[in-house]
Amino acid sequence: MSEQIKFFQNVQTYVEQAAAFTDLSKGLIDQIKACNAVYRINFPVKIKDKIKVIEAYRVQHSHHRMPTKGGIRYSIMVDQDEVMALAALMTYKCAVVNVPFGGAKGGIKINPKEYTEEELERITRRYAFELIKKGFIGPSLDVPAPDYGTGEREMSWIVDTYMQFNQQEINGHACVTGKPIGQGGIHGRTEATGRGVFYGLRYACTFADDMKKLGLEPGLEGKSVIIQGFGNVGYYSAKVMYENGAKIIGIAEYEGGLYNPNGIDIDDLKKYQLRNKTIKNYPKAKFIKQSSLLLEEACDILIPAALENQITKDNAPRIKAKIIGEAANGPITPNAEAILQKKGIMIIPDMYLNAGGVTVSYFEWLKNLSHVSFGRLDHRHQDESFNRIVDLIETNTGRRISKREKSALRGADELDIVRSGLEDTMISSYENIRTIFKRHKKMQGLRTAAYVDALEKIGITYAKMGVFP
Ligand code: GLU
């Protein structure tokens, strides 16, 4: 029988497994696990002269830090269980990467492909209004962001709706992140989750002893990679990994998959997809009709970057990857995880690996609160001082510094600062969870270590709040 899956319960199971490695009391663990607020809405929207009732949610999993933070998903699979699970994952994710927010998530149960842009705008604005009405959005309350099926466009409708009702709010633009640059967005947010996946995997592959256990050489270069999903997260993961020497041999999409053991040129595939609105019939790879089979192909790194519950106890025995990097939220069920661990597969967990998105969202929120872009104040000053150093070197050595060398010395702009802040976050967080993992001989994998890290940090915050004497 195929596995019965309750996503929120799966997250709870992972928390309980990790709790056994902490000194936190049962009461405190229960408090951390519980969803603090669930808001379920049904609202009417006029679609082609008819009234359509739309089902939507916003869940704030943890108020231990405010505001709460997490994306909004548009998908026909949205239900309360899914949004609760995703909100909980946001709590643990923020704790792991030291982003000072509680976790939240929103969802609207629609297939966005079935609506025109104008209809989507009406649905989004109405949803934003419902959030405003109940205090479920605001720079210090709850800050949504993009997720599956949403992007800059939806965030721009949300911030505009919020501002119409809150014109006196000087920090109003910080009510949502992932906005277009012109509305207070930040450079590097769109690519952030995928780029974070790359930084995380590259760093994980630097540890020679860990790689040796998997029968791999250290370093990402030349490693064969299969990615499930070619949306925002899948595409940017593939692109940045490809640019840095990984060999992308498979891409699995909902409409079918592509396979080429010699590697797929990701920029070329993207151009093809934009031109043809599909990856089907891409001439430089074999088309695989049942794309889920691609997950079972041999590769060094498998990156599920689409939806939850993709690797269950049904297909886990057939997975041949040596490393699984969870770019999606919850792609592996606890039953599947046990099977994969027995096979010696290394799992780099979602709550760490895909935290690049919320990390850069945090930078965007800070930028909005400070009302100035990163690098704006000192970019020119840095450039000038570097030029003076270059002049000095040239006069003293008689050697001309090349254009390339000069550009490496130039002052950092916003994108440079965002990327370096993201890389630093991914490296230091990995070190934390790896150290916890190494400390406990009986610990099964990095996921438990990441949960332990999160639970301990959240526990400390609650203790400081005096809720648990
Ligand atoms: N939706 C993203 C996630 O699942 C980003 C959330 C955010 O930036 O708040 O992590």
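Calculation notes
- Residues numbered from 1 in each chain as written.
- Predicted model: local features only at pLDDT ≥ 70, side-chain atom pairs only at ≥ 80, totals over all residues.
- Heavy atoms only, no water.
- Salt bridge = Lys/Arg side-chain N within 4 Å of Asp/Glu carboxyl O.
- Helix = DSSP H or I, 4+ residues; strand = E, 2+ residues; numbered from the N terminus.
- Buried < 20%, exposed > 50% of the residue type's maximum accessible area, 1.4 Å probe, protein only.
- Phe/Tyr/Trp six-rings, centres within 6.5 Å; stacked < 30°, edge-to-face > 60°.
- Lys NZ or Arg CZ within 6 Å of the ring centre and 35° of its normal.
- Pairing = 2+ DSSP bridges.
- Axes fitted to C-alpha atoms, helices over the stretch in contact; angles between N-to-C directions.

Chemist: Honestly, the pattern of salt bridges in this entry has me stumped. Any pointers?
Modeler: Oppositely charged side chains can form a pair if their charged atoms are brought close together. Summed over the entire model, instances satisfying the criterion amount to 32 salt bridges. When the shortest N-O distance is used, the salt bridge between R153 and E117 registers 3.7 Å. Linking R153 in helix α5 (residues 152–165) with E117 in helix α4 (residues 117–133), this pair joins segments that are 36 residues apart in sequence. Using a relative accessible area of 35% as the deciding quantity, one classes R153 as partly exposed. Relative accessible area serves as the criterion here: at 48%, E117 is assigned to the partly exposed category. Among the salt bridges present, the one from K367 reaches E414, with a minimum N-O distance of 3.1 Å. On the criterion of sequence distance, the pair formed by K367 in helix α12 (residues 356–370) and E414 in helix α15 (residues 414–439) is long-range, its members being 47 residues apart. Residue classification places K367 among the buried positions, given a relative accessible area of 11%. Assessed through its relative accessible area of 6%, E414 is described here as buried. Within this structure, R73, E82, K105, D147 and E308 form a network of salt bridges that share partners.

Chemist: Help me understand the packing of aromatic side chains in this model?
Modeler: The geometry of an aromatic ring pair is captured by two quantities: the separation of the ring centres and the angle between the planes. For the structure shown, the criterion picks out 16 aromatic pairs. Arranged with centres 6.2 Å apart and planes meeting at 40°, the rings of Y362 and F363 form a pair that is tilted. Considered together, Y362 and F363 belong to a single accessibility category, that of buried residues. Positioned above the aromatic ring of Y235, the side-chain terminus of K270 is 4.5 Å from the ring centre. Between R447 and the ring centre of Y14, over which it is positioned, the NZ or CZ distance is 4.4 Å.

Chemist: What am I meant to see in the sheet that holds strand β1 (residues 37–47) here?
Modeler: What holds strands together in a sheet is hydrogen bonding between their backbones, with the strands either parallel or antiparallel. Within the open sheet, the five strands sit side by side as β1-β2-β4-β3-β5. Their pairing is mixed. The open sheet has two edge strands with one neighbour each: β1 and β5 (142–146). For this sheet the average axis-to-axis angle between neighbouring strands, irrespective of direction, equals 25°. Pairing geometry for strand β3 (residues 68–74) and β5, over five bridges, is parallel. In the sheet register, T68 faces β5, and the bridge partner there is D142.

That is the geometry; function is a separate question.
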